[in-house]
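Fold and geometry: a report
Each chain is listed here by its residues.
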Amino acid sequence: MCDDKIWVTFADTATLLSGNKATTNTDINTIFEEYDVTNIVPLFPFAKTPMLRHTYEVRTQKASSLYLRISKEKELFSLCDRVYEPQNLYNPSDWMWYHTVSHNITNDWLWSLVKIQASDAWDITKGDTTIKIAVVDDGFDYLHPELQSKIYPPYDFYTGIQEPANSNHGTSVASILAAETVDQGETPLGSMASIGYNSKIMVSQHYLQACLYASTVLNAEILSISWYYSSCTASDYLLAIEQEILNNGTLIVRAAGNGSVNCGGGRLYPFSGHEDDRVIVVSSTDFEDYHTSPFDSVETVSHYPEVTICAPGYHIMGARHSHNGSVDWPYFGGWGGNIPINTNCSRSLCPN
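Conventions used here
Note that residues are indexed from 1 along each chain, following the sequence as it is written. pLDDT decides what is reported in this predicted model: residues at 70 or higher carry local features, side-chain atom pairs at 80 or more are listed and counted, and totals for whole chains, interfaces and linings draw on all residues regardless. For the side-chain quantities, the full set of heavy atoms in the structure was used; hydrogens and water were omitted. The method works on a 1 Å grid over the protein atoms by themselves. A cavity is a set of points holding a 1.4 Å probe that cannot get out, a pocket is an open set with protein on both sides within 12 Å along at least five of seven lines, and residues with an atom within 4 Å of a point line them. Grid points are joined across faces, edges and corners, and a volume is the space filled by probe spheres set on the points. Secondary structure elements follow DSSP: runs of H or I no shorter than four residues count as helices, runs of E no shorter than two count as strands, and numbering proceeds from the N terminus. Residues are grouped as follows: Ala, Val, Leu, Ile, Met, Phe, Trp, Tyr, Cys and Pro are nonpolar; Asp, Glu, Lys and Arg are charged; every other residue, Gly included, is polar. Counting rule for disulfides: a pair of cysteine sulfur atoms within 2.5 Å. A 1.4 Å probe rolled over the protein chains alone gives each residue an accessible area, and that area as a share of the maximum for its type sets the label: buried under 20%, exposed over 50%, partly exposed in between. Note on ring pairs: Phe, Tyr and Trp rings are taken, using the six-membered ring of Trp, and paired if centres are within 6.5 Å. Classes follow the plane angle, with under 30 degrees stacked, over 60 edge-to-face and the rest tilted.

1. Observations concerning the layout of surface pockets
Each pocket or cavity is described by its volume, and for the largest pocket that value is around 1,500 Å³. Every residue lining the largest pocket is counted, 50 residues in all, and those nearest its centre are Ile176, Leu177, Ile195, Val253 and Ala311. Every element with two or more residues in the lining of the largest pocket is listed here: helix H4 (111–115), helix H5 (118–122), helix H6 (169–178), strand E8 (222–225), strand E10 (251–255), strand E11 (280–285), strand E12 (309–312) and strand E13 (316–319). It is E11 that contributes the most residues to the lining of the largest pocket, five residues altogether. Its residues placed into classes, the lining of the largest pocket shows 30 nonpolar, 17 polar and three charged.

Here you go:
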């Protein structure tokens, strides 16, 4: 939980900001001054939902005590909530390499595409550049060989800049969805393939604000979510954001979670699928279609009534940072929950 931020909604919608840490309501200002508020930021000024449009993030080193005070001031604040830091739903294992694709191994490399019969799906579609797919995660390698031609616009769609990535998580998620893939006779930029490889994606690392912005402002048709907030319960803010996105016609696809390490294996927020079954919740299977981890490791699967579908989710090939577009080996690796994979591969055995 973040210790310096809360979200608030003013009871009087006529209350506006009069600076970066004051409002047009003197009673509210008195409270904010008492608790040393340093900044007030509008979160969703583009929202259709009135409550969200009047929601602000309040920053202070006294967030816990301010939250308790605001909770009692019903005449001034119609709603308040603590801010939770997004938690990614899987972390990369050691970057190790196995055998080449030509070995035709069913539990390595791109086994997941074989398992879901991708070659049959490609006879129907290879993806569509006209469909807007938004991936919201912790950061992206815009110059990665697998992604440099797939991310459009080529910057964070919420901020308009290429922001630095803090980990490999977002890069891997984006590559699994839309890694650059070419047909026979064409020269590939990288070594990986993906299921919907004619698709393009737009990306952001600004979580809930970006989710709502992608749907309400940019008219995204699909929203990909592989993270949750540390709170394992709904809040009025989360539910309002979910409803606006779904009512816009945006399809939300979210990962179910890493078993007991995420909310005890139960539903995750935002977008749990419990309050609205239009959310597609995806859980994991292994290369033998079992709903358990094939490795002696931490449990990496969640399954609860809201889970819509299962798909390959262990030991999945994904991209990692390429050092600003270079192809320094390795720039792929094994993903899928908290899986420690102990098989090493020398560079000579791996694809160029």
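2. Things to note about the state of the cysteines
Considering all chains together, one arrives at one disulfide under this definition. Covalently, Cys232 is tied to Cys263 through a disulfide, its sulfur atoms 1.9 Å apart. The chirality of the disulfide connecting Cys232 with Cys263 is left-handed, given an S-S dihedral of about -90°. With Cys232 in the loop between strand E9 (227–229) and helix H8 (236–247) and Cys263 in the loop between E10 and E11, this pair connects stretches of sequence that are 31 residues apart. Looking at Cys232, the relative accessible area reads 32%, which means it is partly exposed.

3. Considerations on the packing of aromatic side chains
Applying the stated criterion to the full structure yields 13 aromatic pairs. Taking the centre distance of 6.0 Å and the plane angle of 40° together, the rings of Phe32 and Phe77 count as tilted. With Phe32 in helix H1 (residues 26–34) and Phe77 in strand E4 (residues 77–82), this residue pair connects regions lying 45 residues apart in the sequence. Here the two residues Phe32 and Phe77 agree in accessibility, since each one is buried. Here Tyr207 and Trp227 contribute two aromatic rings whose centre-to-centre distance is 4.7 Å and whose plane-to-plane angle is 90°, an arrangement assigned as edge-to-face. One end of the pair, Tyr207, is in helix H7 (residues 207–216); the other, Trp227, is in strand E9, with 20 residues separating them in the sequence. When sorted by exposure, Tyr207 lands in the same class as Trp227, which is buried. An aromatic cluster of at least three residues, connected via ring pairs, comprises Trp7, Phe44, Phe46, Tyr158, Tyr213 and Tyr237.

4. Describing unusual backbone geometry
Of note, the amide linkage connecting Tyr152 to Pro153 takes the cis form, showing an omega dihedral of 0°. By the element assignment, Pro153 lies in the loop between strand E6 (133–136) and H6. Cis geometry is found at the peptide bond from Tyr269 to Pro270, where omega equals 5°. Its location among the elements puts Pro270 in the loop between E10 and E11. Of note, the phi angle at Cys263 is positive, near 55°, even though the residue is not glycine. Unusually for a residue other than glycine, Asp289 sits at a positive phi of about 70°. For Asp289, the location among the structural elements is in the loop between E11 and E12.

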